[in-house]
Amino acid sequence: MTSSIPAPATSTRAVLEPTYAKPPANLPPPEASLNATYPAMGATNDTQRAGGIIRVPASQYATDLLTMPTQDVLGDVRQEPSSGMSMGYHGHGMVRGVNIGGFLVPEFWITPSLIANIPDPKPTDYLQLCNRLGPDATLSLMRRHWETWITESEVQRLASAGITHLRIPLGHWEFVDSDEGYVRGGLPYFKRLVYWANRHGLKVIPDMHTAPGSQNGFDNSGTTNGVNWTKDSRNVSISKRALQTMLKYIAGDPILLATTDAVDLLNEPFIDSLDFGQLWDYDTGGHTLVSSGLGKTPPVVSIVDRGFKEFSWWQTRWPRDWNTKYADAWLDAHLYHVFDRNIDDWPLESHLRLVCQNGRNLRANSTSFPIIVGEWSLALPQAALSGRENEARRRFAEAQLDAYELGGAGWIFWCFKTEVSPEWSFLDALDRSWMPQPLSNREFSPICKY
């Protein structure tokens, strides 16, 4: 927009045991990273410099990977939910987050100004933009965007409003060269954002939002040219390398590692259009990498997107040992009310009742796996507003805030800001009093009975 794994040996646990405290006063400013190469990916003589960004050759990305093995086979799956399994989150508090959408993975409905000066027909996804403008012009355009789309003052405001986490979508092209034509260069700005988050007491969830060939055919995957990720096994191999490199990048910087609370393995894979065996191999291997390669106390969480499947579908597939002393995993559910034509003519009360039902489903299924509502918004069909937009969106917000913590892990609003769609903007929702302040405040009596 939106296996059976043994506990790692003591020797594989990371030396760093961060306390999630704010960085010391003498911490170098994150802006310094804009003039440095990616950690542990040192520049060579053929490194291309564009302004303050160093573009690392693809050959370095391909060879500079984590040494952790990736699982190649499907592991054991649960045949029935374990009624006695502990769902403790080993030190993780309730997530109340926002997505930093439209930043490092462009979506032009969020930032239409990015393509406003491009003649028609305008590009509809990032890959089309890269191919249309070419690498130099794309990089110049994106650098101006990366510099300005999110500011430290906005991060501070989010923290003051009760936000605890930033989910940050990232493109696979930042970590590998997939020969598709994507233009990289955003990692220094990712790092700057994480440093800001740390400075203001927030945690982050790096989110692998895209995959070579596209895992869903949506613009949020980088390209709308079909769902081709698992049609070529090389795409999945490239995704594995991208995830490995992303984790090494995080592990190579103490502040990045200290601030990372969870890793979203892959956003919105369209399971019905993919080879699930290859996806599950990627997910199980990714869980191993996160649990073992980013060893922390509490453990970094692996987030697995439910892929547009029902919770019941996941009941027999969630591994028994994915929520243990040394590992945590959450299932990610994205809950929207504007992509189903069957409910376009519903009045507001029907949408609120659907929120209640979603909350009951979250609570019932959280006994089998912790669930995070990784994307939701205040967007409603026009029929639900009935000329009372402010009241409708406030009631919709309050109902969702109550419901989405019943999955155990929490929620992440999509997204923190937009240019023209306030119902998708957390900051606009604050300005218009659609979002309560504090987040626990309620103007309306709860409609849901849990």
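Residues numbered from 1 in each chain as written. Predicted model: local features only at pLDDT ≥ 70, side-chain atom pairs only at ≥ 80, totals over all residues. Heavy atoms only, no water.

If you look the chain up in an unreviewed UniProt entry, it shows as glucan 1,3-beta-glucosidase from Coemansia spiralis. One UniProt comment on the chain, placed under Sequence similarities (unreviewed entry), says "Belongs to the glycosyl hydrolase 5 (cellulase A) family." Comment text from UniProt for the chain, heading Catalytic activity (unreviewed entry), reads "Successive hydrolysis of beta-D-glucose units from the non-reducing ends of (1->3)-beta-D-glucans, releasing alpha-glucose." (UniProt positions renumbered as here; feature names shortened; annotations may be inferred.)

What follows deals with the packing of helix α2 (residues 126-133) against helix α3 (residues 135-148). When two helices pack together, you describe them by how their axes are tilted relative to each other and by the distance separating the axes. Interhelical geometry of α2 versus α3 gives an angle of 125° and a closest axis separation of 6 Å. With respect to their mutual orientation, α2 and α3 come out oblique. With respect to the hand of their crossing, α2 and α3 are arranged in right-handed fashion. Of α3, the residues touching α2 (which contributes Tyr-126, Leu-129, Cys-130 and Leu-133) are Pro-135, Ala-137, Thr-138, Leu-141 and Met-142. (Axes fitted to C-alpha atoms, helices over the stretch in contact; angles between N-to-C directions. Helix = DSSP H or I, 4+ residues; strand = E, 2+ residues; numbered from the N terminus. Parallel < 35°, antiparallel > 145°, perpendicular 65-115°, else oblique. Left-handed = near helix turned anticlockwise from the far one by under 90°. Contact = heavy atoms within 4.5 Å.)

Glancing now at the pattern of salt bridges. Taken as a whole, this structure holds 21 salt bridges when the rule is applied. Between Glu-154 and Lys-417 there is a salt bridge, with the nearest N and O atoms lying 3.0 Å from each other. In this pair, Glu-154 is assigned in helix α4 (residues 152-160) and Lys-417 in the loop between β10 (408-413) and α12 (426-431), connecting sequence segments 263 residues apart. Residue classification places Glu-154 among the buried positions, given a relative accessible area of 16%. Across the pair Glu-389 and Arg-393 runs a salt bridge, and its minimum N-O distance is 2.9 Å. (Salt bridge = Lys/Arg side-chain N within 4 Å of Asp/Glu carboxyl O. Buried < 20%, exposed > 50% of the residue type's maximum accessible area, 1.4 Å probe, protein only.)

We now examine α4. Taken together, the buried positions of α4 are occupied by Glu-154, Val-155 and Leu-158. The buried residues of α4 occupy an angular sector of 100° when projected down its axis, which confines them to one face. Along its buried surface, α4 packs onto β3 (95-99), β4 (165-170), α5 (187-199) and α12. Following α4 by one or two positions, Gly-162 has its phi on the positive side, about 100°. (Arc of directions from axis to C-beta.)

This brings us to the state of the cysteines. Applying the stated criterion to the full structure yields one disulfide. The side chain of Cys-356 participates in a disulfide bridge whose partner is Cys-448; the two sulfur atoms lie 1.9 Å from each other. What sets the handedness of the Cys-356 and Cys-448 disulfide is the S-S torsion sign, and at about -80° it is left-handed. Taken as a pair, Cys-356 in helix α10 (residues 348-365) and Cys-448 in the segment after α12 lie far apart in primary sequence, 92 residues in all. (Disulfide = S-S within 2.5 Å.)

Of all five residues in strand β7 (residues 301-305), five are buried; the element is thus mostly enclosed. Burial of β7 is two-sided: the residues Val-301, Ile-303 and Asp-305 facing one way and the residues Ser-302 and Val-304 facing the other way are all buried. Sheet topology note: the strand β6 (residues 262-264)/β7 ladder contains three bridges and is parallel. Following the sheet pairing, Val-263 is matched in β7 by Ser-302. Tracing the backbone out of β6, into helix α8 (residues 276-293) and back to the parallel element β7 gives a crossover that is right-handed. With five bridges connecting them, β7 and strand β8 (residues 328-334) associate as parallel partners. Bridge pairing in β8 links Asp-305 to Asp-332. (Pairing = 2+ DSSP bridges. Right-handed = clockwise from strand over helix to strand, strands pointing away.)

So, on to the side chain of Asp-332. For Asp-332, the location among the structural elements is in strand β8. Judged by relative accessible area, which is 1%, Asp-332 ranks as buried. Apart from the residues within four sequence positions on either side, Asp-332 is in contact with Arg-167, Asp-264, Ile-303, Val-304, Asp-305, Arg-306, Ile-372, Val-373 and Gly-374.

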